[in-house]
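# Secondary and tertiary structure notes
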Amino acid sequence: MMQYSQLSTPVGRLTLAGDEEGLRSISFPNSSLAVKHARSSERAGAHIQEAIRQLEAYFAGELSQFDLTLAPVGTAFQKEVWSLLRTIPYGETVSYGEIARRLGKSTAYRAVGAANGRNPIPIVIPCHRVVGADGSLTGFGGGLSMKTRLLELEARHRQTLQGRSAGQAWLFPAT
């Protein structure tokens, strides 16, 4: 059964959804999922509780890489892109074209952009770290001001976190 919980953060109230398989989504304020479950009283499962703990540490500048059980729904290509996004270092940015090159599909930068835009678990799967070829900030589900705030947060905390062990990125199996 899908469970929901909300978390107040420096970038607004996030709505988390998950089930026994893992964290399924994170929604930004005013998204349809966030509005629908604004008063959810269900007890959050273990996957959501752990996601909340790690998100709180991330926003406090104490965590640079998430170690969560994720269960995003998407195509095999989307999951491949999302797995690669998890390898972008904290506080750094990479272009859509570079992601496409890393996938071995150098001309697929638009498809990478589309997959990035369909990421159901932003922040944890750091789609905010993907920028245009010229380094400019481009589309983000939470809006460009939120993308800017996330990148600024990481820039502020990056030096503090350098040298700390922050966990391991988990890759999604292709299905």
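Everything here concerns the structure above.
Read on for a plain summary of the structure. No experiment lies behind these values; they were computed from the predicted model shown.

What follows is about the packing of helix α3 (residues 76-85) against helix α5 (residues 109-117). Where α3 contacts α5, the axes come no closer than 9 Å and their chain directions differ by 80°. Compared by their axis directions, α3 and α5 come out roughly perpendicular. Where α3 approaches α5, its residues Phe77, Gln78, Val81, Trp82 and Leu85 are matched on the opposing element by Ala111, Val112, Ala115 and Asn116.

The first and last C-alpha atoms of helix α2 (residues 46-59) sit 20 Å apart over 14 residues, in line with the 20 Å expected at 1.5 Å per residue. For α2, the set of buried residues is Ile48, Ala51, Ile52, Gln54, Leu55, Ala57, Tyr58 and Phe59. Just downstream of α2, glycine 61 is the residue with a positive phi angle, here 80°.

On to the sheet that holds strand β1 (residues 3-9), then. Pairing is antiparallel in the open sheet, where three strands are placed in the order β1-β2-β3. If you trace the sheet from one side to the other, it starts and ends with β1 and β3 (22-27), each paired once. Going across the sheet, the axis of each strand differs from the next one's by a mean of 25°, ignoring polarity. Sheet analysis places β1 next to strand β2 (residues 12-19), joined by seven bridges and oriented antiparallel. Each residue of the ladder has a partner; that of serine 8, found in β2, is arginine 13.

Positionally, aspartate 19 belongs in strand β2. In this structure, aspartate 19 is in contact with Met1, Met2, Arg24 and His47, ignoring residues within four places of it in sequence.

This brings us to the nonpolar core. Core analysis: the largest hydrophobic core is formed by 42 residues, its most contacted members being Leu16 and Leu23. At the level of elements, β2, β3, α2, α3, α4 (96-102), α5 and α6 (144-161) are the ones that each hand at least two residues to this core. For this core, the leading source of residues is α2, giving seven residues.

Reading the values: rules and limits
Residues numbered from 1 in each chain as written. Predicted model: local features only at pLDDT ≥ 70, side-chain atom pairs only at ≥ 80, totals over all residues. Heavy atoms only, no water. Axes fitted to C-alpha atoms, helices over the stretch in contact; angles between N-to-C directions. Helix = DSSP H or I, 4+ residues; strand = E, 2+ residues; numbered from the N terminus. Parallel < 35°, antiparallel > 145°, perpendicular 65-115°, else oblique. Contact = heavy atoms within 4.5 Å. Expected span 1.5 Å × (residues − 1). Buried < 20%, exposed > 50% of the residue type's maximum accessible area, 1.4 Å probe, protein only. Pairing = 2+ DSSP bridges. Core = buried A, V, L, I, M, F, W, Y, C linked by side-chain atoms within 4.5 Å.

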